[in-house]
Amino acid sequence: MKKSLFLVLITVLISTGCMTVNVSSKQFIPRDRNKITLLKNVTPEYQLENLELIQADGSISRGVYFHKPGADFTVLYFLGSGIRVDADGGYFLKPFTELNANVIVFDYRGFGRSDSTGQAHDLKEIETDTLALYDYARKKVSGKLVVHGHSFGSFVAAKLANLRPVDSLVLEGTGTDAETYTKNLTPWFARPFVNIQLAGDIAQIDNRRSLKNTQFPVFIIASEHDTTTPEATARDLFESLNQTNKRFLKVNAGHMDAMTMPLTIAAYREFLKGQY
């Protein structure tokens, strides 16, 4: 029996002394509501093509190409930490159908569909993989290729944009640097007692540095109720960009659901049409 169900039963018994609790199979049988294969039920016009790219060191990047005829553009999407193509694809891919867009997305090495070499890897390997995936996507599709990163993926996407001439960059649930990002993950009541020390190359992550000489259009999407990457840090990043072809959007959402908002979809369309 699930631990959470035990807690509920104990609480009920203690507080009431006696009560009938109805239990069905729904409390026991797991269901994955965001499974990528469920997309075929709601987006029959789209196809899911499995992708595989062998990286230079032998690791294997695997993902999908979510596409249909007549799409207006293609998105190369970089996932947030802990998000997987198979488990979560049904959720993060669906909004792009409203934009009439195709999407290419891969799991990070050693996670989800993708395999590592078995050797330790860090951000350096993620960066190398990212460059190879961008080059792969650029050759695979014609027309506009938008690089879109969410949360941790926004740092990956920004670093890529520092090394490749992307058409457009969209950063959703983003921030300035790794230290600020880490502090935001620490509950406010614990911060006075926690001394954060960034080890290795993570200390070098800084979106302001990555986008310092940006020339291509940049769209930053921030959510009002996002505690992981608060609006203020996204705004700091936006203000640091020395360009005019940039756009900032705040929506009434949390860390994971900005792209489900009609306001975001409308602003995304306007951004791609050059409305900054």
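Residues numbered from 1 in each chain as written. Predicted model: local features only at pLDDT ≥ 70, side-chain atom pairs only at ≥ 80, totals over all residues. Heavy atoms only, no water.

A. Helix α6 (residues 152-161), seen in detail. Summarising burial for α6: 9 of the 10 residues are buried, a large majority. Phe152, Gly153, Ser154, Phe155, Val156, Ala157, Ala158, Leu160 and Ala161 are the residues of α6 that are buried. (Buried < 20%, exposed > 50% of the residue type's maximum accessible area, 1.4 Å probe, protein only. Helix = DSSP H or I, 4+ residues; strand = E, 2+ residues; numbered from the N terminus.)

B. View of the packing of helix α5 (residues 123-140) against α6. Between α5 and α6, the least distance of the axes is 10 Å, while the angle of their chain directions is 65 degrees. By the angle class used here, α5 and α6 are roughly perpendicular. Here the hand of the crossing between α5 and α6 comes out right-handed. Here α5 contributes Leu123, Ile126, Glu127, Thr130, Leu131 and Tyr134 to the contact with α6, which in turn contributes Phe152, Val156, Lys159 and Leu160. Split into classes, the residues belonging to the contact of α5 with α6 amount to 7 nonpolar, 1 polar and 2 charged. (Axes fitted to C-alpha atoms, helices over the stretch in contact; angles between N-to-C directions. Parallel < 35°, antiparallel > 145°, perpendicular 65-115°, else oblique. Left-handed = near helix turned anticlockwise from the far one by under 90°. Contact = heavy atoms within 4.5 Å. Nonpolar A, V, L, I, M, F, W, Y, C, P; charged D, E, K, R; others polar.)

C. A look at the layout of surface pockets. Here the largest pocket is characterised by a volume of approximately 380 Å³. What lines the largest pocket is a set of 20 residues, among which Leu123, Glu127, Phe155, Lys159 and Ile205 lie closest to the centre. Elements supplying a minimum of two residues to the lining of the largest pocket: α5, α6 and α8 (207-210). By residue number, the principal contributor to the lining of the largest pocket is α5, which donates 6 residues. Among the residues making up the lining of the largest pocket, the classes are represented as 9 nonpolar, 5 polar and 6 charged. (1 Å grid on protein atoms, 1.4 Å probe; cavity = no way out; pocket = protein on both sides within 12 Å on 5 of 7 lines; lining within 4 Å. Points joined across faces, edges and corners; volume = space filled by probe spheres on them.)

D. Quick peek at the sheet that holds strand β1 (residues 47-54). Ordered by their spatial adjacency, 8 strands build an open sheet running β1-β2-β4-β3-β5-β6-β7-β8, and the pairing between neighbours is mixed. The open sheet has two edge strands with one neighbour each: β1 and β8 (246-251). Averaged over all pairs of adjacent strands, the angle between strand axes in this sheet comes to 20 degrees, irrespective of strand direction. Pairing geometry for strand β7 (residues 218-223) and β8, over 6 bridges, is parallel. Opposite Val218, over in β8, you have Lys246 as the bridge partner. Across the sheet, helix α9 (residues 231-240) is in contact with β6 (168-172), β7 and β8; its angle to β8 comes to roughly 170 degrees. (Pairing = 2+ DSSP bridges.)

E. Main features of the pattern of salt bridges. Throughout the structure, instances matching the rule amount to 11 salt bridges. Between Arg62 and Glu52 there is a salt bridge, and its shortest N-O distance comes to 3.0 Å. Of this pair, Arg62 sits in strand β2 (residues 60-67) while Glu52 sits in strand β1; the two residues are 10 residues apart in sequence, bridging distant segments of the chain. Under the relative-accessibility criterion, Glu52 is labelled partly exposed at 46%. Note that Asp129 and Arg109 form a salt bridge whose closest N and O atoms lie 2.7 Å from each other. With Asp129 in helix α5 and Arg109 in the loop between β4 (101-106) and α5, this residue pair connects regions lying 20 residues apart in the sequence. Per residue, the accessibility class of Asp129 equals that of Arg109, and both read buried. One connected set of salt bridges, linked through shared partners, spans Glu52, Arg62 and Asp115. (Salt bridge = Lys/Arg side-chain N within 4 Å of Asp/Glu carboxyl O.)

F. Structural view of α9. When we look at burial in α9, the residues that qualify are Thr233, Ala234, Leu237 and Phe238. Buried residues of α9, viewed axially, fall in a sector of 145 degrees; they line one side. The exposed residues of α9 that point more than 90 degrees off its buried face are Ala232 and Glu239. (Arc of directions from axis to C-beta.)

G. Molecular detail of unusual backbone geometry. For Asn100, which is not glycine, the phi torsion reads 55 degrees and is therefore positive. On the secondary structure map, Asn100 appears in the loop between α4 (94-98) and β4.

H. Examining empty space enclosed by the protein more closely. Taken as a whole and judged by the stated rule, the model has 1 cavity of 30 Å³ or more. Considering only enclosed or pocket space, the largest cavity measures out at about 90 Å³ in volume. For the lining of the largest cavity, the secondary-structure elements that each account for two or more residues are β3 (73-78) and α5. Looking at the lining of the largest cavity element by element, the count peaks at 4 residues for α5.

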